[in-house]
Amino acid sequence: MSYVLEEIINQKLKTVFLALNLDDKYAVIKISDRPDLSDFQCNAALALAKIEKKNPRQIAECIAQQLRKDNDFDKISVDGPGFLNITLKNEFLASVLDKMAEDQRFGCAKFAKPKTIVLDYGGPNVAKEMHVGHLRSAVIGESMRRIEDFVGNKTISDVHFGDWGTPIGMILAEVIAQDGDLSKIKTYNIAEITRFYKQANIRCKEDETAKETARQITAKLQEGDEIYRMAWKHIRQISVDAVKENYKELGVHFDLWLGESDAHNTCFEIKKIAQDKGLLEYDDGAYIIRLDEENKPKPPVIIEKSDGGFTYQATDLATIKMRVDDLKADEIIYFVDKRQSLHFEQVFEAAEKLGIAPNVKLKHIGFGTVNGADGKPFKTRDGGVMNLNDMIKMSKAKVAESMPKADESKGITQDYLDNLISQVAVGAIKFQDLKNNIASGYVFEVDDFADFDGKTGPYIQYAVARINSIMNKNQEITPGNIIITNSEERNMALKLTQLNNIVFRAEAECEPSIVSDYVYNLAQLFSCFYNTSPIKNAQSPDIAASRLSIALLTRNVLIKMLNLLGIEAPNVMLKA
Ligand code: ARG
């Protein structure tokens, strides 16, 4: 059963509106713009005045008179041109908190009609180490998957592995150039294959024929050449294994491990549909679909290149068709660098023309880059591309600096410490990313992203651990019904009751930073509360029991919200 404070108040307003013959669609409150005057406000009278052709203050006053009869409200006032200001009774607020505390979902609602949402936040490529660009896809996408799940949607995440383009042909060509053939391919590990790929890149830059050979091999591979397929399978497998390690370390989950290659057969169907609909044009050896250029000039979508190979765009179109037909997607969301915006605009428009995703919402959530202090894409110390492993290593080293050393006599084993460092380091990386608006890029704060103070992951993890220790210190007290006795408790109550709103806004706006802002503010408010409202030395046992309940509820909400951000909450935090 959901138990949402704002909905309860809206319901009360609705009843009054209906009794007064007013349109109840305006019976909605929002958090007060003037917290000094009220907890919530309702601006309905301003809109209703136009419909009813009356003075807004007069309408607001009529509503206020009715609301004042309700014992759950402490004060109802009409201010300014006709704003209705609502202040709740502490007892009412406390009773809502009690209900939240009883429920595993903290009273949060769930969509009555769940949608099936396919989330695309992988996109690593064969034989390439994952770099910091892949981090944002993974971190934001994983968080949105958890948020969508929490609000009751059905999610399916797909890694959409880049395993079908020219890079494969380049690697195979390079191995053949060095070894004479592909007989040794299965003995090569990921580091060796990555090296071949780097060498292939250099060779293809300088040598047109090498480029051409790579293209031909790619085309033959796609046509089904057995030797190339065998070699490709090996390269794909070891790449997937490596990438899986990375995602495991980051706590990022995928339901499906499909790749661009899995869409190959459907690419033929896309070409056929385009042909049948009269959309396919033969242009300079390639097959293309022209797009609407009314609003702005847009390059056409290339389906098949002159060498017969399908393109990245064709693959994405085919993948859309599969996600709609096989997975029954109602919505497909792509979390990909915003530099690919044009690609997605083109693909979505072509999908519409082809009619392969009727009534399916296609969304590209484009994000900005992770930058260094110089404002340029984040690099290693020596100026190289920052790969994900290096970044995680760097973060762990930073966190280890503020942790004690392993000490068996104190029960701190190396394994325990390593696990804790990993939880905090990954939490720090993720929070640093998720505290920012998705669309904007951000500067990776090398010096303070892992600090225990400030707007960081470790600060929130520390807040959880602190409440755990408060619980431990007060074991003789049983959490009891909540009683609000001071403004700090009241502020906690108002913040905690916003939870449902926060999660649903993050979902609607595809914006985990709404959740990260919330946990940060909640953790800060908790500090104020705990500094002013002692538990053991409270005025009465009832108040002590209530404060313990507030602490417990705060802890559970923080843990759940960190979970929605994909961040773990260690029971204990250690400081050197
Ligand atoms: N592999 C691509 C890249 O590295 C990203 C794929 C994103 N997903 C998609 N469905 N296009 O650029």
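For the structure itself, consult the block above.
Residues numbered from 1 in each chain as written. Predicted model: local features only at pLDDT ≥ 70, side-chain atom pairs only at ≥ 80, totals over all residues. Heavy atoms only, no water.

Peer 1: Any chance you could explain a negative patch on the surface here in plain terms?
Peer 2: Where like charges cluster on the molecular surface, the negative patch consists of Glu 445, Asp 447, Asp 448, Asp 451 and Asp 453. Its location among the elements puts Asp 448 in the loop between β13 (442-443) and α15 (457-473). (Patch = residues over 30% accessible without salt bridge, like charges linked within 9 Å, V, L, I, M, F, W, Y side chains within 5 Å. Areas by Shrake-Rupley, 256 points an atom, 1.4 Å probe, with all protein chains shown as cover. Salt bridge = Lys/Arg side-chain N within 4 Å of Asp/Glu carboxyl O. Lys, Arg positive; Asp, Glu negative; His and termini not counted. Charge placed at Lys NZ, Arg CZ, Asp CG, Glu CD. Helix = DSSP H or I, 4+ residues; strand = E, 2+ residues; numbered from the N terminus.)

Peer 1: Please clarify how the site of the ligand should be interpreted in this entry.
Peer 2: Residues in contact with the ligand, as listed here, are Asp 120, Gly 123, Asn 125, His 160, Tyr 312, Asp 316, Tyr 334, Val 336, Gln 340 and Phe 344. Between the ligand and Asp 120 there is a distance of 2.9 Å, counted from a nitrogen atom to a side-chain nitrogen or oxygen. For the ligand, an oxygen atom lies 2.9 Å from a polar atom in the side chain of Gln 340. The protein chains hide 85% of the 350 Å² of surface that the ligand would expose on its own. (Near = heavy atom within 4 Å. Polar contact = N/O pair within 3.5 Å; in protein donor to acceptor, adjacent residues only side chain to side chain.)

Peer 1: Even after reading the chapter, I still don't get helix α19 (residues 541-564), so can you show me in this structure?
Peer 2: A turn of α-helix holds 3.6 residues, and therefore any two residues three or four places apart point the same way. The end-to-end C-alpha distance of α19, which contains 24 residues, comes to 35 Å, matching closely the 34 Å that a straight helix rising 1.5 Å per residue would cover. Among the 24 residues that make up α19, 17 are buried, leaving the element largely enclosed by the rest of the structure. Downstream of α19 by one or two residues, Gly 566 has phi in the positive range, about 80°. (Expected span 1.5 Å × (residues − 1). Buried < 20%, exposed > 50% of the residue type's maximum accessible area, 1.4 Å probe, protein only.)

Peer 1: I keep staring at the sheet that holds strand β1 (residues 30-31) and nothing clicks. Help me out?
Peer 2: The pairing of strands in a sheet happens through backbone hydrogen bonds and is either parallel or antiparallel. Taken in spatial order, the four strands of this open sheet run β1-β2-β4-β3, and their pairing is antiparallel. Pairing within the sheet leaves two strands with one partner each, and these edge strands are β1 and β3 (73-79). Bridge count between β3 and strand β4 (residues 83-88): six bridges; the pairing is antiparallel. Bridging from a neighbouring strand, Ile 76 pairs with Ile 86 of β4. Across the sheet, helix α3 (residues 56-67) is in contact with β3 and β4; its angle to β3 comes to roughly 170°. (Pairing = 2+ DSSP bridges. Contact = heavy atoms within 4.5 Å. Axes fitted to C-alpha atoms, helices over the stretch in contact; angles between N-to-C directions.)

Peer 1: For this particular structure, what's the right way to read the packing of helix α6 (residues 166-179) against helix α8 (residues 208-223)?
Peer 2: Working note: a packed helix pair is described by the angle between its axes plus the distance between those axes. Two elements in contact, α6 and α8, have axes separated by 7 Å at closest approach and are oriented at 115°. Judged by the inter-axis angle, α6 sits roughly perpendicular to α8. By crossing handedness, the relation of α6 to α8 is classed as right-handed. Residues Thr 166, Ile 168, Gly 169, Met 170, Leu 172, Ala 173 and Ile 176 of α6 touch α8, and the partners they reach there are Thr 213, Ala 214, Arg 215, Ile 217, Thr 218 and Leu 221. A class-by-class count of the residues in the contact of α6 with α8 yields eight nonpolar, four polar and one charged. (Parallel < 35°, antiparallel > 145°, perpendicular 65-115°, else oblique. Left-handed = near helix turned anticlockwise from the far one by under 90°. Nonpolar A, V, L, I, M, F, W, Y, C, P; charged D, E, K, R; others polar.)

Peer 1: What should I look at first to understand the pairing of strand β7 (residues 280-283) in this one?
Peer 2: One face of the sheet, then the other: side chains in a regular strand alternate in exactly this way. Here β7 pairs with strand β8 (residues 286-289) via four bridges, running antiparallel. By the bridge assignment, Glu 281 is partnered in β8 with Ile 288. What sits between the antiparallel neighbours β7 and β8 is a turn of two residues, in which Asp 284 has the positive phi angle 50°.

Peer 1: Teacher, can you tell me more about the sheet that holds β7 here?
Peer 2: Sheet architecture is open: three strands sit in the order β7-β8-β9, paired in antiparallel fashion. If you trace the sheet from one side to the other, it starts and ends with β7 and β9 (301-304), each paired once. Pairs of neighbouring strands in the sheet enclose a mean axial angle of 40°, with direction left out of account. Here three bridges tie β8 to β9, and the two strands are oriented antiparallel to one another. What sits directly across from Ile 289, in β9, is Val 301.

Peer 1: Before we go on, may I ask you to explain the packing of aromatic side chains in this structure?
Peer 2: We describe a pair of aromatic rings using the distance from one ring centre to the other and the angle between the two ring planes. With the rule as written, the count across this model stands at 19 aromatic pairs. Note on Tyr 121 and Phe 335: the rings are 6.4 Å apart at their centroids and 70° apart in plane angle, and the pair reads as edge-to-face. Here the residue Tyr 121 occupies a position in the loop between β5 (116-120) and α5 (132-150), and Phe 335 occupies one in strand β10 (residues 331-337), the gap between them amounting to 214 residues. With relative accessibility at 0%, the residue Tyr 121 sits in the buried group. The interplanar angle of 55° and the centroid separation of 5.5 Å between the aromatic rings of Phe 526 and Phe 529 together place this pair among those described as tilted. A residue pair is termed a helical-turn pair when its members lie 3 or 4 positions apart in one helix, as Phe 526 and Phe 529 do in helix α18 (residues 513-532) at three residues. Across the pair, exposure class does not vary: Phe 526 and Phe 529 are buried alike. Members of the aromatic cluster, connected to one another through ring pairs, are Tyr 121, Tyr 247, Phe 254, Trp 257 and Phe 335. (Phe/Tyr/Trp six-rings, centres within 6.5 Å; stacked < 30°, edge-to-face > 60°.)

Peer 1: I'm lost on the nonpolar core in this one. Help?
Peer 2: In a soluble, globular protein the nonpolar side chains are often hidden away together inside. One finds Leu 13 and Leu 84 to be the most contacted residues of the largest nonpolar core, which totals 158 residues. In terms of residue count, the dominant contributor to this core is α19 (12 residues). With residues near it in sequence (within four places) discarded, Leu 13 still touches Ala 27, Ile 29, Cys 42, Ile 63, Leu 67, Leu 84 and Ile 86. Ranked by size, the runner-up nonpolar core spans 32 residues in total, among them Ile 270, Ala 274, Val 301 and Val 347. (Core = buried A, V, L, I, M, F, W, Y, C linked by side-chain atoms within 4.5 Å.)

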